[in-house]
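Coordinate inspection notes
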Amino acid sequence: MPNTKRYAITGGLGFAIGTFFLWNYPNLELGSALIGGLFIAALCLLYSAPLPDMVKGGLIAGLFGAVMTIVYGPEKPGVAIIAGMLSGLGAGLLAFQRKPQATPQAGAVLGAGAGAIAGAWTALALFLTAFVIAPAAGVTANDFAKHLSETVILADLLGLGSDILILLFVLVFCTITGALLGAAASAARALPLRPNIPLLAVIALPVLLIPLIDRAGNLLLLDALIPIYIFILLALGLNIVVGYAGLLDLGYAAFFAIGAYTTAMLSSPHLGINLSFWLVIWVAAAVAAIAGLTLGAPTLPLRGDYLAIVTLGFGEIVPILFRNLGGGPPAGTLTLRFFGMPIGIEQMDLTGGNKGINPISPPNLPLIGNFEPSNKIPWYYLLIIIMGLAIFFINRLRDSRQGRAWMAMREDELAADAMGINVVRTKLLAFSMGAMFSGFGGAFYGAFIGAIFPSSFDFSVSIILLCMVILGGLGNMAGVIVGGLLIQGADKMFIPKGAELFRDIADQRARATGGSTVGVSALQDLTQQRLLLFGIVLVVMMLIRPEGLLPNERRKAELHADDDPININSVAAEAEADPSVAA
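As recorded in an unreviewed UniProt entry, the protein goes by Branched-chain amino acid ABC transporter permease and comes from Herpetosiphon gulosus. The record in UniProt for the protein states the following under Subcellular location (unreviewed entry): "Cell membrane".

It is worth spelling out the packing of aromatic side chains at this point. Within this structure, the stated rule accounts for 22 aromatic pairs. Taking the centre distance of 5.5 Å and the plane angle of 40° together, the rings of Phe 255 and Phe 314 count as tilted. In this pair, Phe 255 sits in helix α11 (residues 253-266) while Phe 314 sits in helix α13 (residues 304-324), placing the two residues 59 residues apart along the sequence. A ring pair is formed by Phe 256 and Phe 457, whose centres lie 5.1 Å apart and whose planes are at 80°; its orientation type is edge-to-face. Taken together, the residues span a long stretch of sequence, with Phe 256 in helix α11 and Phe 457 in the loop between α17 (423-449) and α18 (459-472) at a distance of 201 residues. Here the two residues Phe 256 and Phe 457 agree in accessibility, since each one is buried. An aromatic cluster is defined as three or more aromatic residues linked by ring pairs; in this entry it consists of Phe 231, Phe 256, Tyr 261, Phe 322, Tyr 445 and Phe 457.

A word on the pattern of salt bridges. Following the criterion strictly, the structure yields five salt bridges and no others. Across the salt bridge formed by Lys 376 and Asp 223, the nearest N and O atoms sit 3.3 Å from each other. Highlighted residues: Lys 376 in the loop between β6 (369-370) and α14 (377-399) and Asp 223 in helix α10 (residues 222-244), separated in sequence by 153 residues. The closest approach of N and O atoms between Glu 411 and Arg 410, which form a salt bridge, is 2.7 Å.

On to the packing of α11 against α13, then. Relative orientation of the contacting elements α11 and α13 amounts to 30°, with a least axis distance of 8 Å. For the element pair α11 / α13, the angle class is roughly parallel. Residues Ala 254, Phe 255, Ala 257, Ile 258 and Tyr 261 of α11 form the contact with α13, whose own contacting residues are Phe 314, Gly 315, Val 318 and Phe 322. When grouped by side-chain class, the residues that make up the contact of α11 with α13 number eight nonpolar, one polar and no charged.

Analysis parameters
- Residues numbered from 1 in each chain as written.
- Predicted model: local features only at pLDDT ≥ 70, side-chain atom pairs only at ≥ 80, totals over all residues.
- Heavy atoms only, no water.
- UniProt positions renumbered as here; feature names shortened; annotations may be inferred.
- Phe/Tyr/Trp six-rings, centres within 6.5 Å; stacked < 30°, edge-to-face > 60°.
- Helix = DSSP H or I, 4+ residues; strand = E, 2+ residues; numbered from the N terminus.
- Buried < 20%, exposed > 50% of the residue type's maximum accessible area, 1.4 Å probe, protein only.
- Salt bridge = Lys/Arg side-chain N within 4 Å of Asp/Glu carboxyl O.
- Axes fitted to C-alpha atoms, helices over the stretch in contact; angles between N-to-C directions.
- Parallel < 35°, antiparallel > 145°, perpendicular 65-115°, else oblique.
- Contact = heavy atoms within 4.5 Å.
- Nonpolar A, V, L, I, M, F, W, Y, C, P; charged D, E, K, R; others polar.

Shown next, in the form of structure tokens:
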């Protein structure tokens, strides 16, 4: 897209979003109300601006750390430590994505610069929070200093008695760790290894350290991170169906519900069955996979919009079914009959109806005991193990003969059939494999929450999962993970905390000026308008980058057929690095 058109679209979107904020939050005045619009516009302009790749990567990734620091900063300034590390890591990966380097040394230099910019920007956001945003939200200097010393780990150990010293420590720490992680990530990407184990090790390091930093600083981030990771696991399964096989599935939440309800019925006092979680999680995955086959079989002749409508109907039917198979007599029961005669099961409350099933037994390990709801660390590491295994198996599936058959069917189903690919078997396996990983996610979700309800699996879940796949990049697992972090991070962390921060600022202004508090209640609606925000994100992506943030190179080449020299080079580079692509 020409830059002029891109800037015009960016300016229009910024104006529209600014107007939206001004309409909803009139007591924040014009300057504050336009912050949201200017933020989106700045992000788009940064992406379009002719800046060096290192600077652009650092600025874009640093936005994540800056926003995370600002929304959490007034109460938990220590979040800047984690935000700086993650933004530095993301900056290194993003800079390399935009400008691949031939040697690890050159990659390290590029990643170090981008990571340092991202880390420094994150830390500067903490200074802005300390001197501007926290006072505006009613957090006094003494309160902020107390939060700072409580949540910034190592502050007492290093003898940082002054608030300014702690802030400078955060600035230096974020900059250095961001540079180191960015350099390591970019250098690891440049290594001619496949699979890229060094890169996975670099990414795993901050992910594994998060619970320890969270506990040391009492940040309580795991409450939000675990649901985010569950949705990423679901999106990885959906990527098999949509990204690899090209089958548009709008009812994926149904498999999530089937996995969760299977766990609830087999591992709770509700039906008097209380099997171990370690057995039930496999049963839930198998039941979800069978449900995938059940959905796939009647949809074999369907394509495109028709397939989307059928899967949408399936996704709506399953929660209604669970709602009506329980709740107690006379309506909410299950009775099996043969020629009108009850056989074995009569008036059974199978699913609990609208009340759901509660409680669900947690996992148990010999050295840990029951996984307690108050201690999220065992849950976090268990989910990391499940996700790691899922990524490994999906990666192997993608590179297998079956994975290439999925992609051939996605490109042209008739041509794939003519070349000898069994399209029926390929479609059924795509639905089944995708549903199986959703079953794993549903089993973990049921045990983690401890209770399930039909309302937890409505249509919006399927749409959010699809948004995660499209935003990150169809057919690319790294892109799906990034898309999941952005969409779910906004849904679970940034939007609720941002709404709370806006509300505090508005309350403080109203008290200081003695003005009206009209509009303060509307600030709470920001969390209810999240689907609108996700829709805006999708529109922006379709206009500016339809292939997603981190697209598969082949997919990118398909969507930019006019850029032949670039695409030929990129696909050739991918084929050189990945022999299976060339096959």
